[in-house]
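# Understanding the architecture of this molecule
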Amino acid sequence: MIKISSYSLILLLLLAASVNAGAADQKITVPLTFDDYYSYEDVVNAVKALNKALPKLTKLDIVGKSEEGRAIYCLTVNNPATGAELDKPGVYVDGNIHGNEIQATEVCLYFLNYILTKYGENENVTELVDKNCFYVIPSVNVDGRYHFFNDPNTSSSNRGLRRPKDDDRDGLVDEDFPDDLDGDGNICMMRKKDPLGAYKTDPEDPRLMMRIKPGEKGEWTLLGQEGIDNDGDGQINEDSEGYVDPNRNWGFDWMPEYVQSGAGDYPLSGVGIKAIASFVRKRPNICMAWAFHNSGGMYLRGPSVKKLTYPPQDIQVYDYLGEQAERITPGYEYLVGWKDLYTTYGDFIEWMVCCNGTYGFVGELFQSSTETFKTREEEKKVKPDTAEERDFFRGSNEVERERLKFNDHLAQGELHKSWTAYDHPTYGEIEIGGWVKFSSRLSAPFMLKDLVHRNAMAVLFSAQNTPEISMDVFEVKKMENNLYRLRVRLTNTKAIPTMNYYAQQHKLYPKDFLRVSGKDINVLAGGKLQNKYRNTVSYKEHKPELQFLFVPGFGSVEYQFLVSGKGSVEIKYDSRHGGKITKTLQLK
Ligand SMILES: [Ca+2]
Ligand SMILES: [Ca+2]
Ligand SMILES: [Ca+2]
Ligand SMILES: [Ca+2]
Ligand SMILES: [Zn+2]
């Protein structure tokens, strides 16, 4: 009897769940809106809605599944009328590889929504979509996103992969998460009144504490994040989810856990990470990659370690794109990973650049400096200008006081929880309070639209600069009876070369080729035309009909062929990143 009733209850629950899922489906329509954050389910419904609204321009793939079996979606944007996917420069964009960095997904969704809804209306966008193929994975760490929305968290928890790991080596895995003691959905901080404590109340704002000076009397001891000792081992919150950092688990310059924390057991051990790697490897046309994160207001390029160098010609390309991105999003800085931030091993963008030969940027969204409550004049007196000043202010109450004013007057108190009494099983009488989950690294929703638009435009600028190649047979000269001289020019009107210099240096894949062929012709000689006026040519010794080359950004290359015979001649250019062009002509 009990069995039957609980069974029917489950059925009812399932039914209710599917009705709800249907309702959520209907809720999200194109154009998407960006006035609040999308949950994992919302993201799935959003990419489905985009795919459904523009079926000719889009293809929706499940790239793979996560550790917990959630689908990782990629929406591919390609106009088949202007060519096949792999024949066009590929631009890859993803976000939310760190589960808590949720607005990175909104940048991806905004970018998709923008190019798809403006297609056919806006000339620049139409041109951009016709020329490129876009691969957009809005949420990489889908488990992290799911748990960030659905579980109590800080703004920094649920970053990693859901690969259980015994952090405190007690034989149990993930057995002591922080606990939402007061049940408000956030993991905040705990403090206890203590005359021997190292902190006292900040006289300017009693919600803040500051370190006591030597000799001063203390008032508070900080007890860390909200939680209890779940496994009774004497420690609190010592073993929560994971930890494998999905952005330290890639295949280039991977280092084990004792060198790089969060590395995982071996490269690409994350199941979703491996699936994305395979997906990318099947798309050799990708020449530009973006990965969005959420801390600091930066456009970062590699190298991510000091010992690695990029060729200077690649750095010119990065500077061109990075400096423009800085202008598009005022306040963001274009920086170099290892030098300006810190060394990382096994990160995604470095894998894109150094294994796949793309260009790549990490977009670190969110700047706390935009959360201001001051006039410009007042702000100048407080806001740190230089990196040294920023370091000085970091962790000081100067910045925290400003954040609290923003919380009070622009978010009406929703970002910070006031200290409230709680009876803790281990610590006794304590207080719980501090910043809530949807604060700190996340823009207040009213600021979201500006953030996603500017960052999507930085991606768009790089996509406007993927190789755009034209072929010009600028001379067909009859030398004598059946001997002809052909001169071919390949021109790139954009900044990104058809093969980056790092990929050439490390022979990551074959160069572009230019092939001259025809049924009744014979290519006697062929090579790069160094100077067309002085007729200097570097002839290739073997197989002169097939030339290996690349076309630099904002530049051109010229080739010369000596051909005997007559009739139809086909000249074919084939490039991973620059597309394919074929021209035919008649020798007579
Ligand atoms: Ca453990
Ligand atoms: Ca763990
Ligand atoms: Ca414990
Ligand atoms: Ca334990
Ligand atoms: Zn991140």
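Residues numbered from 1 in each chain as written. Chains lettered and ligands numbered in written order. Predicted model: local features only at pLDDT ≥ 70, side-chain atom pairs only at ≥ 80, totals over all residues. Heavy atoms only, no water.

Moving on: the coordination of the calcium ion (ligand 4). In this structure, Asp168 (OD), Asp170 (OD), Glu175 (OE), Asp231 (OD), Asp233 (OD) and Glu238 (OE) serve as the protein donors to the calcium ion (ligand 4), at separations of 2.1 to 2.5 Å. Coordination at the calcium ion (ligand 4) comes from six donor atoms whose angles at the metal span 73 to 175 degrees, giving a geometry best classed as octahedral. Counting the intervening residues between successive donors of the calcium ion (ligand 4) yields the motif D-x1-D-x4-E-x55-D-x1-D-x4-E. Here the calcium ion (ligand 4) and the calcium ion (ligand 1) are spaced 4.2 Å apart, and both take Asp168 as a donor. Linking Asp168 in the loop between helix 5 (142-150) and strand 5 (189-193) with Asp231 in the loop between strand 8 (220-225) and helix 6 (271-281), this pair joins segments that are 63 residues apart in sequence. (Donors = N, O, S within 2.8 Å, 3.2 Å for Na, K, Ca; no water. Tetrahedral: all angles 85-135°; square planar, octahedral: opposite > 155°, others 65-115°. Helix = DSSP H or I, 4+ residues; strand = E, 2+ residues; numbered from the N terminus.)

Those donors, Asp166 (OD), Asp168 (OD), Asp170 (OD), Leu172 (O), Glu175 (OE), Glu175 (OE) and Asp239 (OD), are the protein atoms that reach the calcium ion (ligand 1), and they lie 2.2 to 2.6 Å from it. Mapping the donors of the calcium ion (ligand 1) onto the primary sequence yields the spacing D-x1-D-x1-D-x1-L-x2-E-x63-D.

On the basis of which strands lie adjacent, the open sheet formed by four strands has the order 20-17-22-23 and antiparallel pairing. Edge strands, defined here as strands with exactly one partner in the open sheet, are strand 20 (546-549) and strand 23 (579-587). The mean inter-strand angle of the sheet, taken between neighbouring strand axes irrespective of direction, is 15 degrees. (Pairing = 2+ DSSP bridges. Axes fitted to C-alpha atoms, helices over the stretch in contact; angles between N-to-C directions.)

Before going further, it helps to examine the nonpolar core. By size, the foremost hydrophobic cluster in this structure holds 106 residues, and its most contacted members are Tyr92, Ile115, Phe134, Ile276, Met288, Trp290 and Phe348. If we ignore the near neighbours within four places in the chain, the residues touching Trp290 are Tyr92, Val93, Asp94, Tyr299, Ile349, Phe361, Ala458, Val459 and Ser462. (Core = buried A, V, L, I, M, F, W, Y, C linked by side-chain atoms within 4.5 Å. Buried < 20%, exposed > 50% of the residue type's maximum accessible area, 1.4 Å probe, protein only. Contact = heavy atoms within 4.5 Å.)

Attention now goes to the pairing of strand 16 (residues 483-492). Of all 10 residues in strand 16, eight are buried; the element is thus mostly enclosed. In this structure, strand 15 (residues 469-480) lies alongside strand 16, joined through 10 bridges in antiparallel fashion. Bridge pairing in strand 16 places Lys478 opposite Tyr484. The antiparallel hairpin formed by strand 15 and strand 16 contains two residues in its connecting segment. For strand 16 and strand 21 (residues 555-565), the ladder comprises 10 bridges, and the chain directions are antiparallel. Across the sheet, residue Leu483 finds its bridge partner in strand 21, namely Ser564.

So, about the state of the cysteines. In protein structure, a disulfide is the covalent linkage between the sulfur atoms of two cysteines. Inspection of the entire model under this criterion finds zero disulfides. Left without a disulfide partner, Cys74 is nearest to the cysteine sulfur of Cys133, which lies 8.6 Å away. Taking relative accessible area as the criterion, Cys74 reaches 0% and is therefore assigned buried. Its sulfur unpaired, Cys355 is 6.9 Å from the next cysteine sulfur, which belongs to Cys354. Residue Cys355 is classed as partly exposed on the basis of its relative accessible area of 25%. (Disulfide = S-S within 2.5 Å.)

With that out of the way, let us pick up the pattern of salt bridges. In this structure the tally under the stated criterion is 32 salt bridges. For Arg145, the salt bridge is made with Glu106, and the minimal N-O distance between the two is 3.2 Å. Linking Arg145 in helix 5 with Glu106 in helix 3 (residues 103-118), this pair joins segments that are 39 residues apart in sequence. Here Arg145 matches Glu106 in class, with each residue buried. Between Asp205 and Arg207 there is a salt bridge whose closest N-O contact spans 3.0 Å. One salt-bridge network, held together by shared partners, links Asp202, Glu204, Glu398 and Arg401. (Salt bridge = Lys/Arg side-chain N within 4 Å of Asp/Glu carboxyl O.)

Our next topic: the sheet that holds strand 11 (residues 333-336). What holds strands together in a sheet is hydrogen bonding between their backbones, with the strands either parallel or antiparallel. The strand order 1-2-4-3-9-12-10-11 describes an open sheet built from eight strands, whose pairing is mixed. This sheet does not close on itself; its edge strands, each paired only once, are strand 1 (58-65) and strand 11. Averaged over all pairs of adjacent strands, the angle between strand axes in this sheet comes to 20 degrees, irrespective of strand direction. Packing against the sheet, helix 3 makes contact with strand 1, strand 2 (71-77), strand 3 (90-95), strand 4 (133-137) and strand 9 (286-293), and its axis sits at approximately 145 degrees to strand 4.

Quick look at the packing of aromatic side chains now. The tally for this structure, following the rule as stated, stands at 26 aromatic pairs. The interplanar angle of 10 degrees and the centroid separation of 5.7 Å between the aromatic rings of Trp290 and Phe292 together place this pair among those described as stacked. Side by side, Trp290 and Phe292 carry an identical accessibility label, which is buried. Measuring from centroid to centroid gives 5.2 Å for Tyr299 and Tyr332, while their planes differ by 40 degrees, and the two rings are tilted. Highlighted residues: Tyr299 in strand 10 (residues 298-301) and Tyr332 in the loop between helix 7 (312-328) and strand 11, separated in sequence by 33 residues. Residues Tyr299 and Tyr332 agree in their burial class; the two are buried. Taken together, Trp290, Phe292, Tyr299, Tyr310, Tyr318, Tyr332, Tyr334, Tyr359, Phe361 and Tyr502 form an aromatic cluster joined through their ring pairs. Arg283 extends its terminal NZ or CZ atom over the ring of Phe279, reaching a point 3.6 Å from the ring centre. (Phe/Tyr/Trp six-rings, centres within 6.5 Å; stacked < 30°, edge-to-face > 60°. Lys NZ or Arg CZ within 6 Å of the ring centre and 35° of its normal.)

Looking now at the pairing of strand 2. Counting buried positions along strand 2 yields seven of seven residues, so the element is predominantly enclosed. Side chains Ala71, Tyr73, Leu75 and Val77 of strand 2 all project onto a buried face; the interleaved residues Ile72, Cys74 and Thr76 project onto the opposite face, where all are buried too. Direction of pairing for strand 1 relative to strand 2: antiparallel, over a ladder of seven bridges. For Asp61, the partnering residue across the bridge sits in strand 2 and is Cys74.

On the surface, Phe373, Leu410 and Phe446 cluster together into a nonpolar patch covering about 290 Å² of accessible area. Positionally, Phe373 belongs in the loop between strand 12 (359-364) and helix 10 (376-382). In this structure Phe373 comes out as partly exposed when scored by relative accessible area, which is 35%. (Patch = residues over 30% accessible without salt bridge, like charges linked within 9 Å, V, L, I, M, F, W, Y side chains within 5 Å. Areas by Shrake-Rupley, 256 points an atom, 1.4 Å probe, with all protein chains shown as cover.)

With that out of the way, let us pick up the confidence of the model for the chain. In low-pLDDT regions, the fine details of the predicted coordinates are not to be read closely. Predicted confidence across the chain gives a mean pLDDT of 92, with 93% of residues reaching 70 or more. Scored below 50 in pLDDT, residues 1-24 shows one contact in the model against residues more than four places distant or in partner chains. (pLDDT = per-residue confidence, 0-100.)

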